[in-house]
Structures are given as C-alpha cells and as structure tokens.
Amino acid sequence: VSGERRVKLPAWPRLDARVAGALLCTAGVLAFAGPSLLSGAIGLELIATAFWCWARASEDPARQVARWNWLRRPAGALWLAVAIHAVAPALTHAAGTGPPSFDLWRAIDAAAVAWAGLELVAALPLARPFSDLPGPLVVSRPWLPVLIPSAGFVVLWQYSAHWTGTPEVRAVTAFLLLVTAVLAGLRAFARRGWIVILRWLVVSDCALAGLLVAVGAVPRPVSLLLWVGACGSHAFLLAAELRGSMPRRGMVLSVLWRLTGWISVAALSWPMLLALGSLQAPLRYLAFGAAAVPVLLVSWITVGRLIEAEERRAVVRRDTGVTLSHLMPLLLLGGGPALITGALWTILAPRPLAALLSLIPALLGGGLGILALSRPGEAATAEVPRRSRPARALARAAFRSVVASERRLVAALRRAGFGLTAPLRDLHSGDAQEYLLLLVGVGVLAIVLPLLR
Amino acid sequence: MTSALAVLASLPVSDSPWPAPALLDGLLRLPGSPATPAVLATLAAGMLILLERRTQPAYVSLAPLLLIAVLAGLVFSASQSGLALAPLTIAFVVAILARDETHPFHAECGIKMLWLMGSAVALSWAGLALMTLATGTSVIGEQWGVLAMGLVPRIAWSTALSLSLLVGVVMLGAAPFHSWVADVLQGARPWVAPAALAALQVVGATWLIDRLANIEFFPAAAQVAGVLLGAAAAAAFAIGAATLITQRRPERRTGTLASLQGALVLAVLAATRGRADTMELGPFLTQWGSHLLLALTGAATLSHFMPGSAPPGAPGVSLFRRHPWSGVAGLFALFSLAGVPGTPGAALWLQVAGILLGAGQPVLLLLLALAWFAGFFTVMQQLRDAFGAKHPAPPTGDVPWQARTALWMSGGGLALIAAAALAAARR
C-alpha cells in the first residue's frame, strides 16, 4: 500500500549453528573440569546439544539428527545421578555406609554414572558403531566422533569414585570395557581407510584406559596421563591427517609417530595387564588373554598401518624446520608415559616375569606391525597388503556378527517392553464408556485391596 | 478480582511508619508470594481470551475472565477449603465447559467430566455416608476416635475409607484417571483449560488431606490409607511414564505431565498420612498448586504451537522460527512441569523424593525416578522437535502476540519464582 511505512523491529541475536555448536562443545568440555556431577551432567548436555545444533544445520538433517540423538541418553543418566545426590546429600560412595536404604541408591548412582561413560565409549550395544560414521559438522566431520569416546573416558575417570565403590557395577563395567576394546580393535583392523581406523583406535584406547580405572592398578592422575599419551597420539594423527597428513610426510616423522603410538599403547596396557594377571579371581587368565588381544591389535595397527605418505609435488617444499608434528611426539613420549612407566615399576614392584609377560602383547603387536610394513625395495602404498586380507575379513565378520546379535537382542527387548506396557498405554484411549468401567473397576479394587491385608 | 485481593492480602505487613518502604518491601517479596502465579495465570488467560473471535464489545468478551479469576482464587486459597468444595468445583468447571454450545469439543469435555467425576463423587459420598453410619458422627476427627475403640468391624470402615478417597484420586488426574486431564487440554479453550485443571487438581488434593485429617489417632486406618495411596501413586507414576514415552499429541503429553503432578501429591500423602505422620501439608500444597497453575498455563498455551509427531529433520514450527525467545519462555513452563533441573518444578520433585526417601518408600521412589526421567526425556525431545531442522523456506503461519504474551507471563513468572526461591535460600 502506498504511503504505508513498515517499522522493522530489531531482530533477536541469532548465532550461526557452527559457531553455536562450537561454543556449546567447548563449554561442555570445560565443564568436565569441575569435580561435581552437576558440572559433568551440564557438560554432557552441552555436548549433546552441540551435536544437535550441527546436525540440524547440516545438509542432511533427517539423517544427522536421528544419528546423533542418542547422545542425550548418557546426559540423562548423569542427570539421574545428580538427582540422587540432590535427594540424599548424605549418600557416600563407600559400600555399607549410611542407612541400609542407601545401598540401593548407591548402586543406582554407580550404574547411572557407569552407563553414561560406557555408552559414550561405545561399550553398550545401543550405539556401538558410531565411530564408523562421520560427524555432523562439515568442516571437521571425520574428526568429530573422536570427541565422544574421549568424553566417555573422562566421565569414567572423573567420577570413578561413584562407580568403583560398588563391586557389581565395577565388575560389569570392566567386562563391557574389555569387550569394547576387543571389538574396537577388530573393527580398526578390519577397516581400510586410515581415518576410520584412527577413530576406532581412539575407542580402543578409551576402553583400555577405562579398564585401567576399573582395575584400579594405578593412581588416578597416572591413568589420566597414560590415556592422554595413547589417545592423544591417535587423536593428533587423525587431526593432522585432515590437514595434509603431516605426521606421515617423510621417513623421520613416520618412524617417530609409529614409535610414539606404540610406546603410548604399551605404557597404557602394561599396568592394566599386570593388574589383570595378578587378580585373585578364577578367570584371571581369561581376562588377561582377552585384554591382550586389543593391545596386540592396536600396537600392530599403530605401527603397521601408518604408511609414509607419497610425495606428489613436482617441486618439494622447502623444509620449514621443526613443526608441531615433530614436537608432539616428544611431548607425548618425553613428558608422560616414559617417566610414569619407570615410576610404576617402583610403585607396583611386579615380579620380573609378570612384568615381561604383560609387555609381550604390545611387543608382539609392534613386531607384527613392523613385519607388515613394506619390505625394502617395495613401493610404500596406502593399500593394505594382500596377505592380510583373510585376517581382515575374519575381523570384519566377527565384529558384524557381534553387533548384529546385539541389535537383535535390543530390538527383542524393546518389543517385549512395548508389549508389556501396552495395557498401560491403552488406558489413555479417552472413551467415555471406558472411563466409567475403569472407575467402577478401581472402586471395587479399592474396596478389596484393604481386605486382602 | 479474587486474585488481586489475594495479592493484597498476601503482602507482608511492615513495622515501618512510612508506607513507601512497606510497599517496596512487599514488591520485592512479590515473586515469592503464592498469589503471584494466580494473578499471572489470570492475566495470561485474559490474553488468550482476546484471541477468541469477538462478536461483542471487548469488555463483554473479557467477562469470562471472572470465571478464571474464581478458579485461580480456588487454587490460591484451596488449603482452607473443605470437602464440600470438590463437587462445587466440578459443577463449576462442567458449567464453564458446557457454556459454549457452538464448540463440540468443549461440550464433549464437559460431558466426559460429568460422567467420570459425577460417578466418583457419588461413590465417595457413599463412602462418607457409610463411615458416618458406622461411627455415628460426621466429624472426621471424631470418626477416628470412635474407630480406635474397636467397635466397628474392619470391613465397614476400610470399605468406607477406600470409597471416600476415590474422588480425590480422580480429581488429581493421577493415572489411570489421567485421560480427562489430556481431554481437557486438547478439547477445551486455551484460556479455560489450565485454570480448570489446576483448580480441580488442587481441590482433589485438599479433599484427600481433609478426609485424612487426624488419621494418626487410628493407626490401622492410616496403614490402609497408606497402602491405597501408595498403590495409586505407584500406578500413576508407572502408567504416566509408559504413556509419556509413546504419546504423540503435545496437548496430551502436557496432560500426562499434569497427571504426574497429581501423582506427586499422592506420593506425599502415602508417605506421610500412610505412616500417621502429622507433617503439615498446607505450605507444600500452596507451593505445588501455585506452581501447577502457572506452569500449566504456559505449557498448555505452548502445546497449541508444537508439532505433533515430527520426523527427525523436519523444519521447526512457526513459533520457534519466528519468535524463538517466546518459545523458550513457554518451554521453561513445560520444563518446570516436567521437573527439569533448574526450574521451580524440579524443586517440587526433589522435595517429594526427599519425603519418600525419609519415609522409607524405595519402590515409590524408584517409580518417581522413572516418571521423572521419562518426563525429562520427553520434554527435551519436544524442544528439539520444536526447533526442528534449519529450513530455507520462510515459516508459514503466524503466532498472535496475545499468545506470546501469555507465554512470557507464565515463563517469566516461573523464572521470577525460581529467582525468589534462590534469593530466599541464600538469605
């Protein structure tokens, strides 16, 4: 209409989804620094919200939103633990303390915290294969899923007092982490792409580190440093892979990173295997053997699959000297595991034979990895050698069959749950005649119920 | 009007000779006053009335606001009401619903409510009459004393007690009697539904409290009442949780959340009156009722703008795309109804959980935790569905300013209550 003036009101501030997600994610990670469960729950909620923000703004929101929706479950589990402590502030983590009714809530608190950590480390059969899939944010899509198992380990480590004090929860958690470490190792071994392999190696590292916390072999700060060494080396490799594969450029860097990964995994696995081998339990040899499998596989892959990147440039870029890829191994090797391993020797004081046996899986894995590398004279190639294909096919089949069985089990349980609760849901039909029948029925029940006592 | 008087009555009296500091002091304490939610809910209802198609002058169209003021006043002052208030409230709400003959859903809600609650009142009155017949007195306090003498057979007083509690449970909307709550929210006009629901639920709670007054003088009856109320609360939590997870319509989801609020009162009664506890329930009921009224106002208004069952990746609804902050204000009310941490509703859930823990009711507490978890999970999913996926096309449909104002009133009111509670806790 001529002459009409439309007044435009100032719009509310709206953040770009990428920025909003990044801010939320950063805040979520920082929240884990707080020792309280509340800050952990807020942190997980923020990370889940960050993934949702990125997913809803992606080019395929239908798929991405559905794919990452499960991240709310671990946050919900942690909120439940927060609520338990809010209702019972006197609840402590040591078994047998407080009134008898606290035992139940202590167990639920432990289960909730362990659930949150386990699901993020892909140790529950609900969202196990998430590391096969890229994340929702385009710019860091292949790297983003690494954040999830790392958050899972931090939950298990930061709030270990909540779940390690309940023996049943501790045992179940250790078993699930062991299974996860094996499955992640198998999956990493079965995959071809280096980026996906690294994602699965991070899952395996986190599961092994969680197992270290569960067996309680070393003090908490030490277990954190060991995890930083192992998981950090694989995460850095993955991040660097997306920025020009720098750690694989040249022989020196390749060898340096193989060595870093190998030593870090050996340092992480050694105290854990040592503790499993010295358990006073009938199944200790079985546990030791099962834990040795992922250690062997991870060492093998870390050494044998890190192939020197082919130089495609016609004119080689001038050497820029020392880069972050040179410094990081020194940091990871020199700062943490080497010193810690020496210190552990004095703390744990193991028998020499047991100490040697606990090192064998890592040494064997590394040795097999070296053997799998291209022989002198052969061209270095990213392709997996033909001779390892049957083993990879076997690993793939084992992983798929386990995941398929788990899915069938979960689906059956879900159907059973829906079937059992169907009568409860049907009460909501809203038919007026049914209201009256129900009322009369409940009236009769109300009369009979007191008489039964 | 009732609410305005209630606000004035609730203002604290100051010793200061100057009226100005007293008024300022009163204003500062206003958010913490139980009358504030009643006033805000009435104003929000006024906004929603303005949405109706007007065929008469504005002042005539706003006349139904008086009905809402009465209902809000009932919520505010329900802790003093007696057994007679329940049938009157039911009749009043049914009359309001039956008033508009042009709206079939409205009338259907009224008929359903009359059908269900009329029968429940009849059964409960039969129970009251039986108890009077057995004890020879209609005064509740005296009835327990007579029963304690052991002259009345157990079958007589237990039957009478069970029946007399029935209408209270039905009015609370606790499952399996939760259908009417969802029906009202889905079928009745947005301006009448929250106030009617809150009034009925609060009066239902006072019915139960009045009926169980002084029951500690006869422990056997307290035990029977505890079993009945505990079973009712357990059923309400379990059925509510199972229903919430599978419900699709947002109005009905809000109804189930409201029914869980009824279950909270049942749980408190089972934990206190069932153990012949003399805990004073007046302050809890006032706090619960005021919160329920305001949270329901926001949540019920919001539910009319929420998606039904949106597939993952569907674009967001108009409200959240055009006016996201108004949507957030409404979501705060919905979150408070579900007891999401950080909202005033969460404090109520935690308070009830603490009472159950203290009373040694682990099963009931477990079921409460299950229902809370289901509610929390559901509303978080609703948040995601409401915002939906980013979509290049502009949103269709507009959101009237009156509805947005109502959302801000309820959400802002709840935020003020939370802030006042925080300030009081610090003091």
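Here is a short report on the structure shown in this document.

About the thresholds
Residues numbered from 1 in each chain as written. Chains lettered and ligands numbered in written order. Predicted model: local features only at pLDDT ≥ 70, side-chain atom pairs only at ≥ 80, totals over all residues. Heavy atoms only, no water. Helix = DSSP H or I, 4+ residues; strand = E, 2+ residues; numbered from the N terminus. Buried < 20%, exposed > 50% of the residue type's maximum accessible area, 1.4 Å probe, protein only. Areas by Shrake-Rupley, 256 points an atom, 1.4 Å probe, with all protein chains shown as cover. Contact = heavy atoms within 4.5 Å. Arc of directions from axis to C-beta. Salt bridge = Lys/Arg side-chain N within 4 Å of Asp/Glu carboxyl O. Patch = residues over 30% accessible without salt bridge, like charges linked within 9 Å, V, L, I, M, F, W, Y side chains within 5 Å. Phe/Tyr/Trp six-rings, centres within 6.5 Å; stacked < 30°, edge-to-face > 60°. Lys NZ or Arg CZ within 6 Å of the ring centre and 35° of its normal. Core = buried A, V, L, I, M, F, W, Y, C linked by side-chain atoms within 4.5 Å. Buried area = accessible area lost by both parts, 1.4 Å probe. Polar contact = N/O pair within 3.5 Å; in protein donor to acceptor, adjacent residues only side chain to side chain. Lys, Arg positive; Asp, Glu negative; His and termini not counted. Axes fitted to C-alpha atoms, helices over the stretch in contact; angles between N-to-C directions. Parallel < 35°, antiparallel > 145°, perpendicular 65-115°, else oblique. Left-handed = near helix turned anticlockwise from the far one by under 90°.

Looking only at helices and strands, chain A features 17 helices and zero strands. Every one of the 453 residues in chain A was classed for burial, and the buried ones make up 50%. About 21,600 Å² of surface is accessible on chain A, with carbon and sulfur atoms providing 69% of the total.

To continue, consider the overall build of chain B. Scanning chain B for helices and strands turns up 19 helices and zero strands. Pairs at least 24 residues apart make up 79% of the contacts formed inside chain B by residues separated by at least 6 positions. Carbon together with sulfur atoms contributes 69% to the accessible area of chain B, which is approximately 15,900 Å² in total.

What follows is about helix α8 (residues 140-148) of chain B. Residue and element names in this part refer to chain B. The set of residues buried in α8 consists of I140, Q143, W144, V146 and L147. An end-on view of α8 places all buried positions within 160° of arc, on one side of the element. The elements touched by buried residues of α8 are α7 (104-135), α9 (154-172), α11 (193-211) and α12 (219-246). Where α8 terminates, the next one or two residues include G150, which has phi positive at roughly 80°.

Right, let's talk about the environment of M251 of chain A for a bit. Along the chain, M251 of chain A turns up in helix α11 (residues 251-277). Along the sequence, M251 of chain A and A267 of chain A sit 16 residues apart, while their C-alpha atoms lie 24 Å from each other.

Residue and element names in this part refer to chain A. For the structure on display, the rule yields 12 salt bridges over all chains. Between D103 and R106 there is a salt bridge; the shortest N-O distance is 2.8 Å. One end of the pair is D103 and the other is R106, both in helix α5 (residues 101-120) and three residues apart, which spans about a single turn. The residue R128 makes a salt bridge to E406 at a minimum N-O spacing of 2.6 Å.

All names here are of chain A. A cluster of nonpolar residues, L353, L357, I360 and L364, forms a patch on the protein surface that exposes about 370 Å² of accessible area. For L353, the position within the fold is in helix α15 (residues 352-372). L353 sits in the exposed class, given a relative accessible area of 61%.

For residues other than glycine, phi is negative in most cases, and the peptide bonds are mostly trans. The peptide bond linking A175 of chain B to P176 of chain B adopts the cis configuration, its omega dihedral lying at 10°. Even without glycine at this site, A122 of chain A takes up a positive phi of about 65°. Position of A122 of chain A among the secondary structure elements: in the loop between α5 and α6 (147-158). The exposure class of A122 of chain A is buried, given its relative accessible area of 1%. Residues other than glycine seldom take positive phi values, yet N214 of chain B does so here, at roughly 60°. Looking at where N214 of chain B falls in the secondary structure, it is placed in the loop between α11 and α12.

Right, let's talk about the packing of aromatic side chains for a bit. Two descriptors summarise a pair of aromatic rings, namely the distance from one centre to the other and the angle between the planes of the rings. The full count for this structure, using the stated rule, is 13 aromatic pairs over all chains. On the basis of an interplanar angle of 75° and a centroid distance of 5.4 Å, the ring pair of W200 of chain A and F399 of chain A is categorised as edge-to-face. Separated by 199 residues along the polypeptide, W200 of chain A in helix α9 (residues 194-215) and F399 of chain A in helix α16 (residues 389-426) bring together distant segments of the chain. Since its relative accessible area comes to 1%, W200 of chain A is described here as buried. Taking the relative accessible area as the measure of exposure, F399 of chain A reaches 3% and is therefore buried. Aromatic pair W157 of chain B and F218 of chain B: ring centres 5.1 Å apart, planes at 70°, arrangement edge-to-face. In this pair, W157 of chain B is assigned in helix α9 and F218 of chain B in the loop between α11 and α12, connecting sequence segments 61 residues apart. The class for F218 of chain B is buried, based on a relative accessible area of 10%. Aromatic rings pair up to connect F51, W54 and W68 of chain A into one cluster. In this structure, R56 of chain A is placed above the aromatic ring of W52 of chain A, and the distance from its NZ or CZ to the ring centre is 5.3 Å. Note that R220 of chain A overlies the ring of W157 of chain A, its terminal NZ or CZ placed 4.4 Å from the centroid.

Before going further, it helps to examine the nonpolar core. Counting residues in hydrophobic clusters, the biggest one holds 267 residues, and the most contacted among them are W180, F237 and W288 of chain B. At 16 residues, the largest contribution of residues to this core is made by α9 of chain A. For W288 of chain B, the contacting residues outside a window of four places in its chain are L172, Q201, V202, A205, Q261, G262, V265 and L348 of chain B.

The subject of this paragraph is the interface of chain A and chain B. Counting from both sides, the interface comprises 50 residues of chain A and, opposite them, 61 residues of chain B. Of the roughly 4,800 Å² buried between chain A and chain B, counting both surfaces, carbon and sulfur atoms make up 74%. Linking chain A with chain B are zero salt bridges, by the criterion used here. Applying the counting rule to chain A against chain B returns six residue pairs in polar contact (both at pLDDT 80 or more). Residue assignment for the side of chain A that touches chain B shows that the elements contributing at least two residues are α2 (37-56), α3 (61-68), α4 (72-87), α5, α16 and α17 (432-452) of chain A.

Residue and element names in this part refer to chain B. With respect to the secondary-structure elements, R211 resides in helix α11. Summary of buried charges: R211 has no salt-bridge partner, and the nearest side chain of opposite charge, D210, is 9.7 Å away. Sequence-distant contacts of R211, that is, excluding residues within four places in its chain, are made with L83, L128, M131, I140, Q143, W144, S164 and L165.

Right, let's get into the packing of helix α17 (residues 344-359) of chain B against helix α18 (residues 362-387) of chain B. Residues and elements named next belong to chain B. Close contact between α17 and α18 brings their axes to 9 Å; oriented N to C, the two are set at 160°. With respect to α18, the element α17 is oriented roughly antiparallel. Where α17 crosses over α18, the two elements pack in a sense that is left-handed. Contact with α17, carried on its side by W349, V352, A353, L356 and L357, involves L364, L365, L368, A371 and W372 of α18 and no other residues of that element.

All we've got here are geometric facts, nothing functional implied.
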